[in-house]
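Reading the structure
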Amino acid sequence: MVGGGQGAYIGNIHRLASRLDGQWQLVAGAFDVDPARGRDFAIAQGLDPARSYGTYQELIAGEAAREDPVDAVAICTPNFTHYPIAKALIEAGFEVICEKPLTATLADAVALEALARESGRFVGVTYTYSGYPLVHEARVRIARGEIGDVRTVQVEYPLEWMSAPIEKAGNQQAAWRTDPLKNGRGGSIGDIGTHAYHLAGFVTGLKLESLTADLATFVEGRALDDNAHVLLRYQGGARGLLWSSQVAIGNSNGVRLRVFGSKGSFQWYQEQPNELIYTPLDGRVQVIKRGSADLSEDAAARTRTPPGHPEGYLEAFANLYLGFAEAIRARREGREPGPAGRNLPLAYDGLKGVAFVEAVVDSAEAEDQPWITPVAV
Ligand code: NAI
């Protein structure tokens, strides 16, 4: 692991989730921007002092020189460091698991996706919400035509935690997220709008045709948007509406997806992730429960407990790690991956996310908010 040291947010989620199925062991790390603190943290995590590195460059040199180097490296650092770290890892022959957004700039995302493709290295991107079993279930059922042709997609990711200027009060996570050089051009849209955009495209299978956007910055002195409204036109005629907000008081983590088709609809809410709401045309509202016997193999492969025993965020994150392990193993063994290793978020999905943010900011900054087609869809 690179990043995710003392006081970091997502690194610990990666450590917990990667261990859940016994497919990964954390054996080396450069956890912190401060090399000494990073080494101390690694040792406190129980790592071999010889594999407790001060920098990612040391990690690459140290692991490349070993007979038993790490199989993959998870990048859990602020956005602007993803590209140099991932590039150096891929060039040294390592597989990569990278946090979203893939990079802070579009140029970096284009270069990284090309490098991943040409090198043949595995690059997984941790779009968390595509780890939930009922999100897969919705994807499978929509692909089967259960709600007919998709007409409109409503996706939202509201958060409340940045409703006050906490970046000025020493909040580590908010500080770099409000710095365009460290975060990238999109504030709420880059941080969480990318999750919503991926979720909508993943579940519906739709590809974007164009978008127009309205960005706002409500907290005084903030350099980036903290609220975004985006209108989406998908190829084939479907429409969408995406809302991301860091100032939506009352929302802890309110990811919500609603897909309306010609024959029915699906609704899913991440704070109630064990239920998928299905409504057929002229029929009754039905609750599809995670773990039910009649679900798809895609959902079953991502389910550990029977219905009634709630699974949630950590399990969804673990499903990404389970899938990455299966995909990497299958490729090394020259076979097709099993269902847990299919339909994973990869480098091209990461590029699509960064291209989406670029198009949103371009549209919002232009005077007439033009419809724009992202460079990757
Ligand atoms: P954070 O600020 O809490 O942690 C960043 C960590 O990276 C710190 O330990 C810092 O010392 C370390 N670091 C920075 N530069 C480094 C370098 N050059 N070498 C080694 N370590 C370095 O940030 P947070 O909130 O954990 O976010 C990290 C990444 O994860 C971001 O890209 C963010 O967008 C993403 N994220 C994804 C989530 C998801 O749902 N998938 C949720 C939260 C964050």
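Residues numbered from 1 in each chain as written. Predicted model: local features only at pLDDT ≥ 70, side-chain atom pairs only at ≥ 80, totals over all residues.

- Per an unreviewed UniProt entry, the protein chain carries the name Gfo/Idh/MocA family oxidoreductase and comes from Paenirhodobacter populi.

**Thoughts on the site of the ligand**
- Around the ligand, the structure places 25 residues, and the nearest of them are Gly 3, Gly 5, Ala 8, Tyr 9 and Glu 99.
- Counting residues per element, the ones that place at least two in the shell around the ligand are β1 (2-3), α1 (10-19) and α7 (172-177).
- No other element matches the three residues that α7 contributes to the shell around the ligand.
- Grouping the constituent residues of the shell around the ligand by class yields ten nonpolar, eleven polar and four charged. (Near = placed C-beta within 6 Å. Helix = DSSP H or I, 4+ residues; strand = E, 2+ residues; numbered from the N terminus. Nonpolar A, V, L, I, M, F, W, Y, C, P; charged D, E, K, R; others polar.)

**What to know about the domain arrangement of the protein chain**
- Under the domain assignment used here, the protein chain contains domain 1 (2-128) and domain 2 (132-305 + 347-365).
- Of note, the centres of domain 1 and domain 2, computed from C-alpha atoms alone, are 26 Å apart.
- Each side of the interface is counted separately: domain 1 has 22 residues, and domain 2 has 21 residues.
- Of all the secondary-structure elements, those providing two or more residues to the side of domain 1 that touches domain 2 are α5 (106-119) and β4 (123-125).
- The greatest single-element share of the side of domain 1 that touches domain 2, amounting to six residues, is contributed by α5.
- Residues that form the side of domain 1 that touches domain 2 fall into these classes: 15 nonpolar, five polar and two charged. (Domains from an automatic or database assignment. Contact = placed C-beta atoms within 7 Å.)

**Here we look at the UniProt feature "domain: GFO/IDH/MocA-like oxidoreductase" (unreviewed entry) in the protein chain**
- Those residues carrying the UniProt feature "domain: GFO/IDH/MocA-like oxidoreductase" (unreviewed entry) are residues 136-266 in this numbering.
- Along residues 136-266, the helical share is 27% and the strand share 32%, with 12 Å between the first and last C-alpha atoms. (UniProt positions renumbered as here; feature names shortened; annotations may be inferred.)

**Focus on the nonpolar core**
- One finds Val 73, Ala 86, Val 96 and Val 360 to be the most contacted residues of the largest nonpolar core, which totals 109 residues.
- Looking at this core, you find at least three residues from each of domain 1 (2-128) and domain 2 (132-305 + 347-365).
- When residues no more than four places from it in sequence are discounted, the contact partners of Val 96 are Ala 72, Val 73, Ile 75, Ala 86, Leu 89, Ile 90, Arg 121, Phe 122 and Val 123. (Core = buried A, V, L, I, M, F, W, Y, C linked by C-beta atoms within 7 Å. Buried ≥ 20, exposed ≤ 12 C-beta atoms within 10 Å, placed from the backbone.)

**Side note on the environment of Asp 149**
- Tracing the chain through its elements places Asp 149 in the loop between α6 (133-143) and β5 (150-158).
- When the 12 C-beta atoms within 10 Å are taken as the criterion, Asp 149 is described as exposed.
- Asp 149 sits 115 residues away from Gly 264 along the chain, and the two C-alpha atoms are 9.1 Å apart.

**So, the UniProt feature "domain: Gfo/Idh/MocA-like oxidoreductase N-terminal" (unreviewed entry) in the protein chain**
- Residues annotated in UniProt with the feature "domain: Gfo/Idh/MocA-like oxidoreductase N-terminal" (unreviewed entry) correspond here to residues 11-127.
- With 44% helix and 10% strand, residues 11-127 has its two end C-alpha atoms placed 14 Å apart.

**Focus on the sheet that holds strand β7 (residues 227-234)**
- Strand order in the open sheet formed by eight strands is β6-β7-β8-β5-β9-β10-β11-β12, and the pairing between neighbours is mixed. Since the sheet does not close on itself, it has two edges, and those belong to β6 (208-216) and β12 (286-289), each with one partner. Each adjacent strand pair in this sheet contributes to an overall mean axis angle of 15°, direction not counted.
- Where β5 and strand β8 (residues 239-245) come together, seven bridges link them in parallel fashion. Across the sheet, Val 155 pairs through a bridge with Leu 242, a residue of β8.
- Sheet contacts for α6: β5, β9 (256-261), β10 (264-269), β11 (275-280) and β12; angle to β10, the most-contacted strand, approximately 165°. (Pairing = 2+ DSSP bridges. Axes fitted to C-alpha atoms, helices over the stretch in contact; angles between N-to-C directions.)

**Some words on helix α9 (residues 188-204)**
- The terminal C-alpha atoms of α9, which comprises 17 residues, lie 23 Å apart, in line with the 24 Å expected from a rise of 1.5 Å per residue.
- At Thr 194, α9 is bent by approximately 35°, the largest bend along its length.
- Taking burial as the measure, the 17 residues of α9 include 17 buried ones, the bulk of the element.
- Gly 205, located one to two residues past α9, shows a positive phi value of around 75°. (Expected span 1.5 Å × (residues − 1). Bend = angle between axes of the 7 residues up to and from the residue.)

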